[in-house]
Amino acid sequence: MNISLTELLALRNPRCRSLGGPSTEERIASVVPHVGDLVELNNTIRMSARNQLPDLRGALVVMLGGGREPLTSWRLDATIAQLAAVGASAIVGNFPNGDVPAATVALAERLSFAVLHTEQPWQLSVAARDLLTDSQGPSLTLVRTVITQASRHLDDLDRYIKSVSARIGHEVWLVDASGSSSGDEVFDLTQWPRLREALHPVHKVVLEAGRRTLIAVPVRVGQGAQRWLIVDSENLSAAECRALEFGLEAAAIAVAHRLTLRRLHEERGSQQRAFLLGEVLRSGAEIVPTVRAQALDAGWQLEGFHTAIRVLPAEEIDALALRMRVQDVFSRAGLDVAVVEQASGWVAWRTETRPPEHAMANATRAALRRVQLELAAQVTVAVGLGGTYPGVGGLATSIREAGEAARLAANRPQSGFFLAFDSINSAQILLARTEDSLFTASASDLLQPLLDENPHLLETLSAFLDQESSVGETAAVLGIHRNTVADRLRRARTLLRMDLEDPDARLAVHLACRALTRAVPSRDH
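Structure report, in brief.

1. Examining the pattern of salt bridges
- On inspection of all chains with the given rule, the structure shows 15 salt bridges.
- Here Glu352 ties to Arg350 by a salt bridge, and the two come within 3.0 Å at their closest N and O atoms.
- Of the charged contacts, one joins Glu453 and Arg491 as a salt bridge, the two residues approaching to 3.6 Å between their closest N and O atoms. Residue Glu453 is located in helix α15 (residues 437-453), and its partner Arg491 is located in helix α18 (residues 482-496); the two are separated by 38 residues in the primary sequence.
- When its relative accessible area of 46% is taken as the criterion, Glu453 is described as partly exposed.
- Given the relative accessible area of 30%, Arg491 is considered partly exposed.

Listed below in structure tokens is the structure:
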């Protein structure tokens, strides 16, 4: 079934009006609610074009808000063009001042694409679905229930899920891909072997096994961790199943809205934690009273003996989304730590009133192994452990050491990707620091004349320094004549304008060569 724009514009509650586009006889075949901004919607449209979404032809796209960027005119124009290209019929949202620029109206007219305004996009999406179903039966009753509960409990997502479960008479689960739910219990995915393969970020899933039926509806929240609303029940009639599907889709809109707001709140908290930690570490012993107060409010102990831990994931992950998971894993391992997410992974530290004894230090290392093992179910990580030092200055030292150890551990499968700083020698630390991006940039500036002239010059100089300045050994390693080696070294010295007999200059060039030869591919001689 489909409806016309005339029927949609005739709604009295909520009201919407046309800002531009085709005649009011344009047909709407489906309603696609979107939580987020136009950037995220454009990603969804691209997925639709690759047949990774339900068909958007004839769709009414409802902008529910929750994104970071406003509905700017140039992004809106681009989005309208993309929606029209995939066959969508209209877009509706709460536009600033209830209007769009004249150029946008002209574009909509030319593309025969409707642009609508409403101050209640969520309610409009539900009302449009009602018109499409042409039903006053169980589906609408269920939708009214979930909307009513949303208005009462939207500030508490767990209470909302529980209240909807109680009202509709079926337990509703909000789960992620691992089966972890928003509450204390875990949904057992093993009962439905086909579910993992069937779950899709945008498609609802209905599976049957004997008298049991499982309904899973995706909760669409930007590009973050995917979640689903799931009902797993017995002896459902066809009408009950359709009503539950419809009700869960309405509930998913409410949940997505709340999750988006929660994510924005968590991002602000993450930025504040990272900034506060930076302020604490920069302050050293002379910590500013206001910074000290903020740290104490965050639950951080500044006095005592600190031991830092750095957790580096092996692949790109959403550190913020996994933060609570990491915190819980540390707690289950018996480690009371503060956790702050970083650009990559997390930094954590524990604080004791006195230096830990040898047995306690060994227990900490064993606990970190358990943390690493439990996290492996979701993400492979390298773990570095810093030393134990007193005061704020000691915390900074321990965090730096933990970072050094974690970076080395990431390339040490033989150590189980775990290293304590006190087990690393000075040479390993110095070489690890040549992998730092700032060091690599400085090395590139120093040796760029060699790369500009001939990359073989860098390769030859690096091999020469590695072979303790032996021209013969360098020639053997590179498989070239010793005269060629000598000629290249003369050219390299001339271009660098540095005295390689000077120990400091020689060390600097050697480390720079080590840093760059990892990034420059070898070539035929």
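This is not the end of the story, as more comes after the structure.
2. Some remarks on helix α4 (residues 102-111)
- Among the residues of α4, Thr104, Leu107 and Ala108 are the ones counted as buried. End-on, the buried residues of α4 take up no more than an arc of 100°, which puts them together on one face. Among the exposed residues of α4, those oriented more than 90 degrees off its buried face are Ala102, Ala103 and Arg110.
- Elements that come into contact with the buried residues of α4 comprise β2 (17-20), α3 (73-85) and β7 (114-117).

3. Describing the packing of α3 against α4
- It is the contact of α3 with α4, at a shortest axis distance of 10 Å, that shows an interaxial angle of 5°. One finds that α3 runs roughly parallel with respect to α4. For the pair α3 and α4, contact is made by Ser73, Leu76, Asp77, Ile80, Ala81 and Ala84 and by Thr104, Leu107 and Leu111, respectively.
- Among the residues forming the contact of α3 with α4, the class breakdown is 6 nonpolar, 2 polar and 1 charged.

4. A look at helix α5 (residues 121-133)
- Over its 13 residues, α5 extends 18 Å from the first C-alpha to the last, a length consistent with the 18 Å expected when each residue adds 1.5 Å.
- All of the buried residues along α5 are Pro121, Trp122, Leu124, Ser125, Val126, Ala127, Ala128, Arg129 and Leu132.

5. With respect to the side chain of Gln372
- For Gln372, the location among the structural elements is in helix α12 (residues 358-375).
- Its relative accessible area of 9% is what places Gln372 among the buried residues.
- A distance of 3.0 Å separates the side chain of Gln372 from the backbone oxygen of Phe417, its partner in a polar contact.
- In this structure Gln372 touches Val381, Ala382, Val383, Gly416, Phe417 and Phe418, once residues within four positions along its chain are discounted.

6. A short note on the sheet that holds strand β4 (residues 30-36)
- Spatial ordering of the open sheet is given by β2-β7-β6-β5-β4, a layout of 5 strands whose pairing is mixed. The two strands at the open ends of the sheet, each matched to only one other strand, are β2 and β4. Geometrically, the sheet is characterised by an average inter-axis angle of 30° between neighbouring strands, direction not taken into account.
- Two elements, strand β6 (residues 90-93) and β7, share 4 bridges in a ladder whose sense is parallel. Among the inter-strand pairings, Ile91 is bridged to a residue of β7, identified as Val115.
- Sheet strands in contact with helix α2 (residues 38-49) are β4, β5 (59-66) and β6, and its direction is about 135° off that of β4.

7. Here's the deal with the nonpolar core
- In this structure, Leu8, Leu60, Tyr160, Val172, Val219, Leu229 and Val255 are the most contacted members of the largest nonpolar core, which totals 45 residues.
- The biggest single contributor to this core is helix α9 (residues 238-283), with 10 residues.
- Setting aside chain neighbours within four positions, we find Leu229 in contact with Ile161, Val172, Trp173, Leu174, Ile215, Ala216, Val217, Val219, Leu248, Ala251, Ala252 and Val255.
- Grouped together as the second largest cluster of nonpolar side chains are 23 residues, Trp346, Val371, Val379 and Val383 included.

8. Things to note about the packing of helix α16 (residues 455-466) against helix α17 (residues 471-478)
- Between α16 and α17, whose axes approach to 9 Å, the crossing angle comes to 125°. Accordingly, the angle class assigned to the pair α16 and α17 is oblique. Between α16 and α17 lies a crossing of right-handed hand. Contact residues: Glu459, Thr460, Ala463 and Phe464 in α16; Val471, Thr474 and Leu478 in α17.
- Along the lines of polarity and charge, the residues of the contact of α16 with α17 split into 4 nonpolar, 2 polar and 1 charged.

9. Section: the pairing of β6
- Burial of β6 is two-sided: the residues Ala90 and Val92 facing one way and the residues Ile91 and Gly93 facing the other way are all buried.
- Pairing geometry for β5 and β6, over 3 bridges, is parallel. The residue bridging Val62 from the neighbouring strand is Val92, located in β6.
- Each parallel crossover has a hand, and for β5 linked through α3 to β6 it is right-handed.
- Crossover connection from β6 via α4 to parallel β7: handedness right-handed.

Conventions we followed
- Residues numbered from 1 in each chain as written.
- Predicted model: local features only at pLDDT ≥ 70, side-chain atom pairs only at ≥ 80, totals over all residues.
- Heavy atoms only, no water.
- Salt bridge = Lys/Arg side-chain N within 4 Å of Asp/Glu carboxyl O.
- Helix = DSSP H or I, 4+ residues; strand = E, 2+ residues; numbered from the N terminus.
- Buried < 20%, exposed > 50% of the residue type's maximum accessible area, 1.4 Å probe, protein only.
- Arc of directions from axis to C-beta.
- Contact = heavy atoms within 4.5 Å.
- Axes fitted to C-alpha atoms, helices over the stretch in contact; angles between N-to-C directions.
- Parallel < 35°, antiparallel > 145°, perpendicular 65-115°, else oblique.
- Nonpolar A, V, L, I, M, F, W, Y, C, P; charged D, E, K, R; others polar.
- Expected span 1.5 Å × (residues − 1).
- Polar contact = N/O pair within 3.5 Å; in protein donor to acceptor, adjacent residues only side chain to side chain.
- Pairing = 2+ DSSP bridges.
- Core = buried A, V, L, I, M, F, W, Y, C linked by side-chain atoms within 4.5 Å.
- Left-handed = near helix turned anticlockwise from the far one by under 90°.
- Right-handed = clockwise from strand over helix to strand, strands pointing away.

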